[in-house]
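Chain residues, written in single-letter form:
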Amino acid sequence: MSELKTSRRSFCVGAAAAVSAAALPMAARAEEFINVLTGGTSGVYYPLGVALSQLYGDNIPGARAQVQSTKASVENLNLLQQSKGELALALGDSVKLAWDGNADVGFAQPLDRLRGVAAAYPNYIQIAASAESGIKTLADLKGKGMSVGAPKSGTELNARAIFAAAGMSYDDLGKTEYLPFAESVELMKNRQLDSTLQSAGLGVASIKDLATSMPTTLVSIPAEIAASLGAPYEAAAIPAGTYEGQTEDVPTLAVRNFFVTHEGVSEETVYLMTKLMFENLPALVAAHKAAGGITLEGALSGMPIPLHPGAERYYKEAGLL
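It should be emphasised that the depicted structure is a prediction, and the values quoted were computed from it without experimental measurement.

Scoring rules and cut-offs
- Residues numbered from 1 in each chain as written.
- Predicted model: local features only at pLDDT ≥ 70, side-chain atom pairs only at ≥ 80, totals over all residues.
- Heavy atoms only, no water.
- Helix = DSSP H or I, 4+ residues; strand = E, 2+ residues; numbered from the N terminus.
- Contact = heavy atoms within 4.5 Å.
- Areas by Shrake-Rupley, 256 points an atom, 1.4 Å probe, with all protein chains shown as cover.
- Axes fitted to C-alpha atoms, helices over the stretch in contact; angles between N-to-C directions.
- Parallel < 35°, antiparallel > 145°, perpendicular 65-115°, else oblique.
- Left-handed = near helix turned anticlockwise from the far one by under 90°.
- Phe/Tyr/Trp six-rings, centres within 6.5 Å; stacked < 30°, edge-to-face > 60°.
- Buried < 20%, exposed > 50% of the residue type's maximum accessible area, 1.4 Å probe, protein only.
- Lys NZ or Arg CZ within 6 Å of the ring centre and 35° of its normal.
- Core = buried A, V, L, I, M, F, W, Y, C linked by side-chain atoms within 4.5 Å.
- Nonpolar A, V, L, I, M, F, W, Y, C, P; charged D, E, K, R; others polar.
- Pairing = 2+ DSSP bridges.
- Salt bridge = Lys/Arg side-chain N within 4 Å of Asp/Glu carboxyl O.
- 1 Å grid on protein atoms, 1.4 Å probe; cavity = no way out; pocket = protein on both sides within 12 Å on 5 of 7 lines; lining within 4 Å.
- Points joined across faces, edges and corners; volume = space filled by probe spheres on them.
- Polar contact = N/O pair within 3.5 Å; in protein donor to acceptor, adjacent residues only side chain to side chain.

1. A short note on the overall build of the protein
Point 1. Per the secondary structure count, the protein includes 11 helices and 10 strands.
Point 2. Principal-axis analysis of the C-alpha atoms gives the protein an extent of 100 × 35 × 35 Å.
Point 3. The contacts in the protein between residues at least 6 apart in sequence include a share of 74% that link residues at least 24 apart.
Point 4. In the form shown here, the protein has an accessible surface area of approximately 13900 Å², with 53% of it arising from carbon and sulfur atoms.

Okay, structure coming up:
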């Protein structure tokens, strides 16, 4: 009889433990925190991050989502490696350099915890100069003042690459500033700077602000620069009418952005983040028209790092894999 009681008690304890264990994933989901890493508030990453955080907070059971403004690509990737974010936007060349580990640009060692979610829209390298500066070509930048983006940001890495391909360096500039988009534009509006290089989606708020505030010229970047650099850079054009006073297409370069996460985020969470993103693309386009370049068909295009299992699961369901 004593053995029977002991057996029953053991069964009850075991059953309780099983119920408790079964409840753990649900408890974990109830405490799920999703931090979306973006960029400066005047760029494209930030409004898209806001839209995604709202989607995730409203549709992932028990999730608390927020958006964090950062210095963009390089900082975002380092934060993901440290598990200080669950989703981030970053430029393709930055993602590749992070995976390989390039100390010169801010990655002390390979960021091996990064995992891919989806290809996003292309960034366009947009060099805006005050009309009064007379700058129309890359060569015209010599001796002039320019902001090349925040130090070791994705934009600044793009600037380095383009200058090198053009046989130039920052030493050719009369003045070099390392500032985010909005601050760069403020200096130009105050006649303290001649130009700004910004790697962003078409119609970025900062250059829109500049073009409506003063006569502005978009500087052309010839296709041979793209050919010299190779992937992930490609020749592109800023369509006429993108900014006030822009009457013609302007040749430039484009480099694709990527949504990135890390291996520590659960398969279920990344699956839901990916699914919600592609099932609500109109909400992203409403946040910023650059999101029109995000498509399910192109979601795996040029992915420079391994896919997260959660994203892979969604693409298998969608018939892409």
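Now, onward.
2. Quick notes on the packing of helix α9 (residues 267-279) against helix α11 (residues 309-317)
Point 1. As a packed pair, α9 and α11 sit with axes 7 Å apart at the nearest point and diverge in direction by 50°. By the angle between their directions, the pair α9 and α11 is classed as oblique. Here the hand of the crossing between α9 and α11 comes out right-handed. Side by side, α9 and α11 meet where Glu267, Glu268, Val270, Tyr271, Thr274, Lys275 and Phe278 of the first sit next to Pro309, Gly310, Ala311, Arg313, Tyr314, Tyr315 and Glu317 of the second.

3. A look at the packing of aromatic side chains
Point 1. Scanning all chains against the criterion turns up 6 aromatic pairs.
Point 2. Their ring planes at 65° and their centres at 6.2 Å tell us that Phe278 and Tyr315 sit as a pair that is edge-to-face. Residue Phe278 is located in helix α9, and its partner Tyr315 is located in helix α11; the two are separated by 37 residues in the primary sequence. Of the two residues examined, Phe278 and Tyr315, each falls in the buried class.
Point 3. Above the plane of the ring of Tyr271 lies Arg313, whose end atom (NZ or CZ) is 3.8 Å from the centre.

4. Looking at the nonpolar core
Point 1. Ranked by size, the top nonpolar core spans 80 residues in total, and within it Tyr56, Phe259, Phe278, Leu284 and Ile294 carry the most contacts.
Point 2. In contact with Leu284, other than residues within four places in its own chain, are Leu48, Ala51, Leu52, Met277, Ala291 and Ile294.
Point 3. Counting 19 residues, the second largest nonpolar core, distinct from the first, contains Ala88, Leu114, Ala119 and Leu157.

5. Section: the packing of helix α4 (residues 92-100) against helix α5 (residues 154-165)
Point 1. Look at α4 against α5: their axes get within 9 Å of each other, and the N-to-C directions meet at 95°. Here α4 is positioned roughly perpendicular relative to α5, judged by the angle of their axes. Only Gly154, Leu157 and Asn158 of α5 make contact with α4, whose side of the interface consists of Asp93, Ser94 and Leu97.
Point 2. Residue composition of the contact of α4 with α5, by class: 2 nonpolar, 3 polar and 1 charged.

6. Points about the pairing of strand β4 (residues 114-130)
Point 1. With respect to burial, β4 is a largely interior element, 17 of its 17 residues being buried.
Point 2. Here β4 runs beside strand β7 (residues 195-200); their pairing, made up of 6 bridges, is antiparallel. Pairing of Ala128 across the sheet is with Thr196, part of β7.
Point 3. Direction of pairing for β4 relative to strand β8 (residues 216-219): antiparallel, over a ladder of 4 bridges.

7. Considering the pattern of salt bridges
Point 1. Scanning all chains against the criterion turns up 13 salt bridges.
Point 2. Its salt-bridge partner being Glu186, residue Lys189 comes within 3.2 Å of it at the nearest N-O pair. Remark: Glu186 and Lys189 occur in helix α6 (residues 181-189); sequence separation between them is 3 residues, near one turn of the helix.
Point 3. According to the relative accessible area criterion, Glu186 is partly exposed, its value standing at 37%.
Point 4. Close ionic contact of Arg313 with Glu268 constitutes a salt bridge, the shortest N to O distance being 3.0 Å.

8. Re the layout of surface pockets
Point 1. Looking at the largest pocket, its volume works out to about 370 Å³.
Point 2. As for the largest pocket, its lining consists of 25 residues, and the residues nearest its centre are Gly39, Gly40, Thr70, Ala72 and Phe181.

9. Here's the deal with the environment of Pro304
Point 1. Position of Pro304 among the secondary structure elements: in the loop between α10 (281-287) and α11.
Point 2. Given a relative accessible area of 25%, Pro304 falls into the partly exposed group.
Point 3. Residues Pro304 and Leu97 lie 207 residues apart in sequence; the distance between their C-alpha atoms is 9.5 Å.
Point 4. With near-sequence residues (within four places) excluded, Pro304 lies in contact with Gly92, Val95, Lys96, Trp99 and Phe258.

10. Let's talk about the environment of Glu263
Point 1. Along the chain, Glu263 falls in the loop between β10 (250-262) and α9.
Point 2. Placed 182 residues apart in sequence, Glu263 and Gln81 show a C-alpha to C-alpha distance of 8.9 Å.
Point 3. Setting aside residues no more than four positions away along its own chain, Glu263 makes contact with Arg113, Arg115 and His308.
Point 4. Reaching out from Glu263, the side chain makes a polar contact with the side chain of Arg115 at a distance of 3.1 Å.

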